[in-house]
Amino acid sequence: MVYLVAVSVYLLAMVLVGIYFGRKSISDNKDFMAAGRSLPLWIVAGTLLATFTGSGTIVGGASFIYQYGPFAAVFNLSGGIVGAIILYFLAGRIRQGEAYTVPEIIEKRFGTTTRLISSIIILLAFIGITAYQFTGGAYVLQITTGLPVETGAIIMGILVIFLTVSGGLFSVAYTDAISALLIVGGFLLGLPFVLNAVDGFSGLAMSLPETTKSWNGGLSIPQLLGYFLPLFLLVLGDQNMYQRFAAAKNPTVARKSTIGFFFGSISVIALTIVFATTAIVLFPNIAPDTAVLHLAINGLPAALGIIILCSAVAFIITTATSYLLSASGNIIYDLFKRYSKKEISDQKLLKYNRITVVVLGVLAYALAMYFPTVLELQMYSYTMYGAALTPAILATIFWKRATKAGILGSMLMGALGTIFWEVVLDKPFDWNSVLFALPLSVLTLIIVSLLTNKNNK
């Protein structure tokens, strides 16, 4: 009962934050989408970390660790950390561009068709990412209240939609930063208790099942690569990251925020691995998706368990609001406003943006009910974005020889390759679709660009 009360109080506090920023900080669509381009360093670093380590780490990552062990998880979860290093060199340039969306960046060089196609791909990916946040939050409610996952997902969906509609990026960014501090603090405080329960790192290593002790967790190298690449590609080209940089006070703040993001990611991932690995030993028969959450309730003192549960659900919610807000921006800026024949006032754009958030939230819930696990939906969504868009984004910024035909071909082949591998072929060899879709996307980009006129823009 105490966990239910604590989580409920924390969720109520988040609602109040959303109401506060909705009334005090949101005057137009620029405030709603980019927080007035005024976020300070620690807020940008915190919101980057919370966006990256949502349900995908606390639930999906923990599920991977529980099934394949800690050593394979290092390879799997390090994709985002490697991506953060590269982002350091991109952040300042992205802030100077002041674009609201990734398709807007691509259009400046390659025209309106590329903006349309990239917008559609982002919607396919981001609705999926929002969907598994709903499922991850539902697991928290199931553990604390006994509610069915379907009911919990509805509750989470309503809360996420409300927070996104009310406060925009202001409420998302500030609740992100608070949640980031809570999760790192909760994990660090809980670490001695967790290790004591398994007699330290040596006892933990000795108690692990043999199947989880190997460096690869029983997975082949292509399978490991299939888990590493989606996260790496998503972080490298994630529109949410770019929007955080664009919302920073200046290019210097944007660039320095990646340093905090880098070290914060290492901390959260390392601690998640320790917690989920401990859950393997202490609770060998639980659902893998619930490893960290189950340990928080049953393996820690109540006060620490409450901190971790609250921060975990906050991470999940703020990640969902981030992707929901970002996807809504694609519809409003890249589709609706871009192709509207009439001038639309900023106040009307704000209204339409909020309506779009509600519609997309409902679609995300429907998708969450289609995929059976968070990890499965996570890999599909990451690949849809990473294989179809990240090569095009990087080529837009760095490769002068890229052409419009190459960019379009790359995006289409990456998206179609993902769907073909996942849906039509049903994941042959049990390989994630990134191993098929990414080479297809990159080769198309290079070959078509080299065969077409470099002035084709």
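Residues numbered from 1 in each chain as written. Predicted model: local features only at pLDDT ≥ 70, side-chain atom pairs only at ≥ 80, totals over all residues. Heavy atoms only, no water.

1. Considering the overall build of the chain
What counts here: Helix and strand assignments come from DSSP, with helices taken as H or I runs of at least 4 residues and strands as E runs of at least 2, each series counted from the N terminus. For the radius of gyration, the atoms used are the C-alpha atoms, and the globule rule reads 2.2 Å times the number of residues raised to 0.38. Partly exposed describes any residue whose relative accessible area lies between the buried limit of under 20% and the exposed limit of over 50%, with all areas from a 1.4 Å probe on protein chains only and scaled to the type maximum. Every residue pair with non-hydrogen atoms within 4.5 Å of one another is taken to be in contact. Using the Shrake-Rupley algorithm and a 1.4 Å probe, accessible areas are obtained, with residue cover drawn only from the displayed protein chains. Here the positive residues are Lys and Arg and the negative ones are Asp and Glu; neither His nor the chain ends is included. A charge is said to be at NZ when it belongs to Lys, at CZ for Arg, at CG for Asp and at CD for Glu.
In terms of regular secondary structure, the chain is built from 20 helices and zero strands. For 457 residues, the compact-globule formula gives about 23 Å, and the C-alpha radius of gyration of the chain, at 21 Å, lands near that figure. The 457 residues of the chain split such that 61% are buried. In the chain, 85% of the contacts between residues at least 6 apart in sequence involve partners at least 24 apart. For the chain, the exposed area adds up to about 16,900 Å²; of that, 68% sits on carbon and sulfur atoms. The centroid of the 27 positive side-chain charges in the chain is displaced by 15 Å from the centroid of its 18 negative side-chain charges.

2. Let's talk about the side chain of Ser63
Put simply, the rule reads: Polar contact is defined as a pair of N or O atoms within 3.5 Å, subject to the rule that within protein one atom must be able to donate a hydrogen and the other to accept it, and that residues adjacent in sequence are counted only when both atoms are side-chain atoms.
Along the polypeptide, Ser63 turns up in helix α4 (residues 55-68). Only 2.9 Å separates the side chain of Ser63 from the side chain of Gln67, close enough to count as a polar contact.

3. Some thoughts on the nonpolar core
Put simply, the test is: Nonpolar cores were defined as sets of buried Ala, Val, Leu, Ile, Met, Phe, Trp, Tyr and Cys residues, with membership established by side-chain atoms within 4.5 Å.
Judged by nonpolar contacts, the single largest core of 130 residues is most densely connected at Phe261, Phe275, Ile317, Tyr385 and Ile407. Membership of the second largest hydrophobic core comes to 10 residues, among which are Phe228, Ala387, Leu435 and Leu438.

4. Focus on the pattern of salt bridges
What counts here: A pair is scored as a salt bridge if a Lys or Arg side-chain nitrogen falls within 4 Å of a carboxyl oxygen belonging to Asp or Glu.
With the rule as written, the count across this model stands at two salt bridges. Notably, a salt bridge pairs Glu107 with Arg115, separated by 2.6 Å at the nearest N-O pair. Asp334 is paired through a salt bridge with Arg115; the nearest N and O atoms lie 2.6 Å apart. Placement of Asp334 in helix α15 (residues 302-339) and of Arg115 in helix α8 (residues 112-145) is noted, with a sequence separation of 219 residues between them. Take Asp334 and Arg115: they sit in the same class, and that class is buried. Among the ionic contacts, a cluster of salt bridges with common partners joins Glu107, Arg115 and Asp334.

5. Thoughts on the packing of aromatic side chains
Put simply, the rule reads: Pairing of aromatic side chains requires ring centres within 6.5 Å, counting the rings of Phe and Tyr and the six-membered ring of Trp. Pairs whose planes differ by under 30 degrees are stacked, by over 60 edge-to-face, and all others tilted.
Across all of its chains, the model carries 14 aromatic pairs by this definition. Taking 4.9 Å as the distance between ring centres and 50° as the angle between the ring planes, the aromatic pair formed by Phe64 and Tyr68 counts as tilted. In this pair, Phe64 and Tyr68 both sit in helix α4, four residues apart, roughly one turn of the helix. On the accessibility criterion, Phe64 (0% relative accessible area) is buried. According to the relative accessible area criterion, Tyr68 is buried, its value standing at 18%. Judged by centre distance (5.2 Å) and plane angle (90°), the ring pair of Tyr88 and Phe89 falls under edge-to-face. Given the relative accessible area of 61%, Phe89 is considered exposed. Through a chain of ring-to-ring contacts, the aromatic side chains of Phe64, Tyr68 and Tyr227 assemble into a single cluster.

6. Description of a nonpolar patch on the surface
What counts, and what does not: Patch membership needs two things, relative accessible area over 30% and no salt bridge, and members are linked within 9 Å if like-charged or within 5 Å if nonpolar (Val, Leu, Ile, Met, Phe, Trp, Tyr).
Together, Val82, Ile85, Ile86, Tyr88, Phe89, Ile259, Phe263 and Ile266 line one region of the surface with nonpolar side chains, adding up to about 700 Å² of accessible area. Residue assignment for the nonpolar patch shows that the elements contributing at least two residues are α6 (79-97) and α13 (251-282). Top element by residues in the nonpolar patch is α6. It accounts for five residues. Assessed through its relative accessible area of 51%, Phe263 is described here as exposed.

7. What about the environment of Ser214?
On the secondary structure map, Ser214 appears in the loop between α10 (200-207) and α11 (221-237). Take Ser214: its relative accessible area is 27%, and that puts it in the partly exposed class. Residues Ser214 and Gly157, 57 residues apart in the sequence, show an inter-C-alpha distance of 38 Å. Among the polar contacts made by the side chain of Ser214, one reaches the side chain of Asn216 at a distance of 3.1 Å. At a separation of 3.0 Å, a polar atom in the side chain of Ser214 contacts the main-chain amide nitrogen of Gly217.

8. Thoughts on unusual backbone geometry
In this model, Asp426 sits at a positive phi of 60°, which is unusual for a non-glycine residue. If you trace the backbone, Asp426 turns up in the loop between α19 (404-424) and α20 (434-451). Classification of Asp426 by relative accessible area gives exposed; the value is 60%. A positive phi is found at Phe429, a non-glycine position, where the angle reads about 60°.

9. A look at the packing of α19 against α20
For clarity, the cut-off: Here, axes are lines fitted to C-alpha atoms. For helices the fit covers the stretch in contact, and angles between N-to-C directions go from 0 to 180 degrees. Throughout this description, any angle smaller than 35 degrees is read as roughly parallel, any larger than 145 degrees as roughly antiparallel, any in the 65 to 115 degree range as roughly perpendicular, and the remainder as oblique. If you view the pair so one helix is near and one far, a crossing is left-handed when the near helix is turned anticlockwise from the far one by less than a right angle, and right-handed when it is turned clockwise.
Axis separation between α19 and α20 bottoms out at 8 Å; the angle between their running directions is 160°. If you check the angle between α19 and α20, you find them roughly antiparallel. For the element pair α19 and α20, the recorded crossing hand is right-handed. Here α19 contributes Ala405, Gly406, Ile407, Gly409, Ser410, Met413, Gly414, Gly417, Thr418, Phe420 and Trp421 to the contact with α20, which in turn contributes Phe436, Ala437, Leu440, Ser441, Thr444, Leu445, Val448 and Ser449.

10. Observations regarding the confidence of the model for the chain
Here is the rule we go by: The pLDDT value expresses, per residue, how confident the predictor is, ranging between 0 and 100.
Chain-level pLDDT for the chain is 82 on average; 90% of the residues reach the 70-or-more range. Within the chain, no element has a lower average pLDDT than helix α2 (residues 29-34), which sits at 62, and none a higher one than α20, at 95.

11. Considerations on the packing of helix α14 (residues 291-298) against α15
Filter applied, for reference: Residues are grouped as follows: nonpolar covers Ala, Val, Leu, Ile, Met, Phe, Trp, Tyr, Cys and Pro; charged covers Asp, Glu, Lys and Arg; every other residue, Gly included, is treated as polar.
Running from N to C, α14 and α15 point in directions that differ by 150°, and their axes come no closer than 8 Å. The orientation of α14 relative to α15 falls into the category roughly antiparallel. Every pair of crossing elements has a handedness; the one defined by α14 and α15 is left-handed. Across the interface between the two elements, Val292, Leu293, Ala296 and Ile297 from α14 touch Gly305, Ile308, Leu309 and Ala312 from α15. For the contact of α14 with α15, the residue count by class is seven nonpolar, one polar and no charged.

12. Observations concerning the side chain of Thr444
The residue Thr444 is located in helix α20 in this model. We classify Thr444 as buried; its relative accessible area is 15%. When residues no more than four places from it in sequence are discounted, the contact partners of Thr444 are Gly406, Gly409, Ser410, Met413 and Ser449.

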